[in-house]
Amino acid sequence: MLNIVIFGPPGCGKGTQSAMLTEKYNLVHLSTGDVIRKEIKSGSDFGNQLKSIVEKGELVPYELIIKILETSLAKHNDASGFIFDGFPRTIAQAKDLDDILAKDNQSVSMVISLCIHDSKVIERLLNRAKIEGRKDDTEEVIKNRLKIYKEQTCPLIDFYKEQGKYVEIEGDCSIDDIFGQISKIIDNHTITA
Ligand code: ADP
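Residues numbered from 1 in each chain as written. Predicted model: local features only at pLDDT ≥ 70, side-chain atom pairs only at ≥ 80, totals over all residues. Heavy atoms only, no water.

Peer 1: Hey, could you run me through the overall build of the chain in this one?
Peer 2: For the chain, the count of helices and strands is 9 helices and 5 strands. What you see in the chain, going N to C, is helices and strands ordered as β-α-β-α-α-α-β-α-β-α-α-α-β-α. Compactness check: the chain gives a C-alpha radius of gyration of 16 Å against a globular reference of 16 Å for 193 residues, within 12% of the reference. Counting only C-alpha atoms, the chain reaches 45 × 35 × 30 Å along its principal axes. Out of the 193 residues in the chain, the part that is buried amounts to 47%. As displayed, the chain offers around 10200 Å² of accessible surface, 51% of which is attributable to carbon and sulfur atoms. Positive and negative side-chain charges in the chain, numbering 25 and 30 respectively, have mean positions lying 3 Å apart. (Helix = DSSP H or I, 4+ residues; strand = E, 2+ residues; numbered from the N terminus. Rg over C-alpha atoms; globule rule 2.2 N^0.38 Å. Buried < 20%, exposed > 50% of the residue type's maximum accessible area, 1.4 Å probe, protein only. Areas by Shrake-Rupley, 256 points an atom, 1.4 Å probe, with all protein chains shown as cover. Lys, Arg positive; Asp, Glu negative; His and termini not counted. Charge placed at Lys NZ, Arg CZ, Asp CG, Glu CD.)

Set out below in structure tokens:
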């Protein structure tokens, strides 16, 4: 099984690349952000609970996000692999992902990190706000998301580097360029695995 974590700040292109990779490698795209937005849209009690957290750019509490992850994984137990997008976002979540995958004798195959500058993040997300109208794409909330990313998510870089699973790609390139680079990394991994 191919279990890819796609990593990087908000707006780095994780969703776009995940959609393309899902198709090429027949993987299931598991975006915790998408699951959360769907839940909020449904108007459920759980969704309402999530709404105020997400709109401030804060992280959804640990127990809730693990519940979301496990429910989503359980829906795809015949999958040939996953792309985890937006998860893990903390060391605790990464350890949990390892434990959940280990129950099926699986592990994270690789972490592909898309690097872009903060100024580019802000520019891209403000642009996206005009098109998609996401409530968490205001300048103030974007800055909070970036701050949380640096404080809570960036420690994952060393966590995965130590396991030899971390690969970095320049994210300020064309969509096709990035897709080509990621595909090469996956193809090499598949050959040597
Ligand atoms: P982006 O990568 O653009 O910041 P996502 O779509 O991945 O956004 O996530 C949107 C929001 O959903 C996050 O700001 C956070 O509130 C919540 N969220 C998503 N994934 C997680 C997670 N793994 N842990 C905690 N909160 C999460």
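Peer 1: What should I look at first to understand the packing of helix H3 (residues 45-56) against helix H4 (residues 62-74) in this one?
Peer 2: Relative placement of two packed helices is described by the angle separating their axes and the distance separating the axes. Where H3 contacts H4, the two axes come as close as 12 Å, and the packing angle between them is 130°. Compared by their axis directions, H3 and H4 come out oblique. Judged by the twist between their axes, the crossing of H3 over H4 is left-handed. Touching Phe46, Gln49 and Leu50 of H3 are Leu64, Lys67 and Ile68, all from H4. (Axes fitted to C-alpha atoms, helices over the stretch in contact; angles between N-to-C directions. Parallel < 35°, antiparallel > 145°, perpendicular 65-115°, else oblique. Left-handed = near helix turned anticlockwise from the far one by under 90°. Contact = heavy atoms within 4.5 Å.)

Peer 1: Is there a simple way to explain the site of the ligand in this structure?
Peer 2: In the vicinity of the ligand, 19 residues are found, and the nearest of them are Thr32, Arg37, Glu58, Gly86 and Arg145. Glycine 86 has a polar backbone atom sitting 2.9 Å from a nitrogen atom of the ligand. Measuring from an oxygen atom of the ligand, one finds a side-chain N or O atom of arginine 145 at 2.8 Å. Protein chains bury 96% of the 560 Å² of accessible surface belonging to the ligand in isolation. The leading source of residues in the shell around the ligand is helix H2 (residues 32-42), at 4 residues. Looking at the shell around the ligand residue by residue, the classes come out as 7 nonpolar, 4 polar and 8 charged. (Near = heavy atom within 4 Å. Polar contact = N/O pair within 3.5 Å; in protein donor to acceptor, adjacent residues only side chain to side chain. Nonpolar A, V, L, I, M, F, W, Y, C, P; charged D, E, K, R; others polar.)

Peer 1: Explanation requested: the sheet that holds strand S5 (residues 166-170) in the structure shown.
Peer 2: By definition, the strands of a sheet pair up through backbone hydrogen bonds, in either a parallel or an antiparallel sense. Pairing is parallel in the open sheet, where 5 strands are placed in the order S2-S3-S1-S4-S5. Of all strands in the sheet, those bounded by a partner on one side alone are strand S2 (28-31) and S5. The mean inter-strand angle of the sheet, taken between neighbouring strand axes irrespective of direction, is 20°. Direction of pairing for strand S1 (residues 2-7) relative to strand S4 (residues 110-115): parallel, over a ladder of 4 bridges. Across the sheet, isoleucine 4 pairs through a bridge with methionine 110, a residue of S4. (Pairing = 2+ DSSP bridges.)

Peer 1: Before we go on, may I ask you to explain the packing of aromatic side chains in this structure?
Peer 2: We describe a pair of aromatic rings using the distance from one ring centre to the other and the angle between the two ring planes. The full count for this structure, using the stated rule, is 4 aromatic pairs. Judged by centre distance (6.3 Å) and plane angle (75°), the ring pair of phenylalanine 7 and tyrosine 166 falls under edge-to-face. Of this pair, phenylalanine 7 sits in strand S1 while tyrosine 166 is found in strand S5, placing the two residues 159 residues apart along the sequence. Overall, phenylalanine 7 belongs to the buried group, its relative accessible area being 4%. Connected via pairs of aromatic rings, a cluster forms that spans Phe7, Tyr149 and Tyr166. The cationic tip of lysine 67 hangs over the ring face of phenylalanine 46; the distance from NZ or CZ to the ring centre is 4.3 Å. (Phe/Tyr/Trp six-rings, centres within 6.5 Å; stacked < 30°, edge-to-face > 60°. Lys NZ or Arg CZ within 6 Å of the ring centre and 35° of its normal.)

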